[in-house]
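# Results of the structural survey
Now for the letters of each chain:
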Amino acid sequence: MSGALSVGSSRVLCISFVFAWDSAGSISQGALRNTFVMCGVASLILGFYSLTLPKTPPATDRTARPELRDILGLEALRLLANRNFLVFFVSSILICIPLAFYYQNANQFLTELHVPNATGKQTIGQMSEVLFMLLIPVFLNRFGMKTTLLVGMLAWALRYTLFAFGNAGTW
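Just so it is clear, the structure is predicted and the values come from calculations on it, not from any experiment. (Residues numbered from 1 in each chain as written. Predicted model: local features only at pLDDT ≥ 70, side-chain atom pairs only at ≥ 80, totals over all residues. Heavy atoms only, no water.)

### As for helix α3 (residues 33–50)
Every α-helix carries 3.6 residues per turn, so stepping three or four residues along brings you back to the same face. Helix length check: α3 (18 residues) gives 26 Å between terminal C-alpha atoms against 26 Å at 1.5 Å per residue, within 8%. Buried within α3 are the following residues: Thr35, Met38 and Ala42. Down the axis, α3 shows its buried residues gathered within 65 degrees of arc, on one side only. Facing away from the buried side of α3 by more than 90 degrees, the exposed set consists of Arg33, Phe36, Val37, Leu44 and Phe48. (Helix = DSSP H or I, 4+ residues; strand = E, 2+ residues; numbered from the N terminus. Expected span 1.5 Å × (residues − 1). Buried < 20%, exposed > 50% of the residue type's maximum accessible area, 1.4 Å probe, protein only. Arc of directions from axis to C-beta.)

### As for the pattern of salt bridges
Note that side chains of opposite charge can pair when their charged atoms are close. Throughout the structure, instances matching the rule amount to four salt bridges. Put simply, arginine 69 and glutamate 67 hold a salt bridge, and the shortest N to O gap is 3.1 Å. Put simply, glutamate 75 and arginine 78 hold a salt bridge, and the shortest N to O gap is 3.4 Å. Its relative accessible area of 31% is what places glutamate 75 among the partly exposed residues. (Salt bridge = Lys/Arg side-chain N within 4 Å of Asp/Glu carboxyl O.)

### Notes on the packing of aromatic side chains
Under the defined criterion, the tally for this structure stands at five aromatic pairs. Ring geometry for phenylalanine 132 against phenylalanine 139: centres 6.3 Å apart, planes inclined by 15 degrees, an arrangement best described as stacked. When its relative accessible area of 48% is taken as the criterion, phenylalanine 132 is described as partly exposed. Through a chain of ring-to-ring contacts, the aromatic side chains of Tyr102, Tyr103 and Tyr160 assemble into a single cluster. Above the plane of the ring of tyrosine 102 lies arginine 159, whose end atom (NZ or CZ) is 4.3 Å from the centre. (Phe/Tyr/Trp six-rings, centres within 6.5 Å; stacked < 30°, edge-to-face > 60°. Lys NZ or Arg CZ within 6 Å of the ring centre and 35° of its normal.)

### What to know about helix α5 (residues 83–112)
In this model, α5 (30 residues) spans 44 Å end to end at C-alpha, consistent with the 44 Å of a helix rising 1.5 Å per residue. The sharpest bend along α5 comes to roughly 50 degrees, located at asparagine 105. Regarding α5, the residues found buried are Ile95, Leu99, Tyr102, Ala106, Leu110 and Thr111. Taken together, the buried residues of α5 touch α2 (24–28), α6 (118–134) and α8 (145–165). One side-chain oxygen of the residue at the start of α5 lies 3.0 Å from the amide nitrogen of asparagine 84, identifying that residue as asparagine 82. Of the residues one or two after α5, histidine 114 is the one with positive phi, at around 60 degrees. (Bend = angle between axes of the 7 residues up to and from the residue. Contact = heavy atoms within 4.5 Å. Polar contact = N/O pair within 3.5 Å; in protein donor to acceptor, adjacent residues only side chain to side chain.)

### Remarks on the layout of surface pockets
Over the atoms, a rolling probe the size of a water molecule traces out where space has been left empty. Estimates place the volume of the largest pocket at around 1,800 Å³. Glu129, Gly152, Ala155, Trp156 and Arg159 are the residues nearest the centre of the largest pocket, which is lined by 43 residues in total. Ranked by the residues each element gives to the lining of the largest pocket, the list is headed by α8, at 13 residues. Here the lining of the largest pocket is composed, by residue class, of 26 nonpolar, 12 polar and five charged. (1 Å grid on protein atoms, 1.4 Å probe; cavity = no way out; pocket = protein on both sides within 12 Å on 5 of 7 lines; lining within 4 Å. Points joined across faces, edges and corners; volume = space filled by probe spheres on them. Nonpolar A, V, L, I, M, F, W, Y, C, P; charged D, E, K, R; others polar.)

### What to know about a nonpolar patch on the surface
A cluster of nonpolar side chains, Leu86, Phe89, Val90, Ile93, Leu94, Ile97 and Phe101, forms an exposed patch at the surface whose accessible area comes to about 650 Å². Positionally, phenylalanine 89 belongs in helix α5. Of the residues examined, phenylalanine 89 reaches a relative accessible area of 38% and is grouped as partly exposed. (Patch = residues over 30% accessible without salt bridge, like charges linked within 9 Å, V, L, I, M, F, W, Y side chains within 5 Å. Areas by Shrake-Rupley, 256 points an atom, 1.4 Å probe, with all protein chains shown as cover.)

### Description of the environment of serine 26
In this structure, serine 26 sits in helix α2. Beyond its immediate sequence surroundings of up to four residues, serine 26 is in contact with Ala20, Trp21 and Ala31.

### A word on the side chain of threonine 111
By the secondary structure assignment, threonine 111 is in helix α5. Residue classification places threonine 111 among the buried residues on the basis of a relative accessible area of 14%. Side-chain polar atoms of threonine 111 contact the backbone oxygen of asparagine 107, separated by 2.8 Å. Not counting chain neighbours up to four residues away, the residues in contact with threonine 111 comprise Asp22, Ile27 and Ala118.

Laid out in structure tokens, this is it:
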């Protein structure tokens, strides 16, 4: 995962900071089409690289025959009987609603506000998210599940507040 993340992040940083294809002027000239060429070349390189990887078939128990409930994952639905897990599940689903709009529209929003290198700055933000995801076990051990989740949700609320009231020219 980290290899794919670093390749993707470096592409976006090049698009934003090196070539400036995401600037308002470049977008109006159609320069973003170059990203497809860049991604196509990178995909070909990674495709050829994947052919050099060693064969690692999955370890399976061929004697056990999977049942339909195992294939469909119905056993996992039993977890919803636990009230704490149900609250966590519903909260996770609900918080993903504004998150979907954020990921879909944030770049266009920042570009229309004339934020320089919007794509690159978002990529740096995503890299910080990955760093904090790697730190989740530390936070869970130190602060517990409820406090860690609460701080994470407050960080999301702060992000949306900064987008709503922030001034692209000053911060």
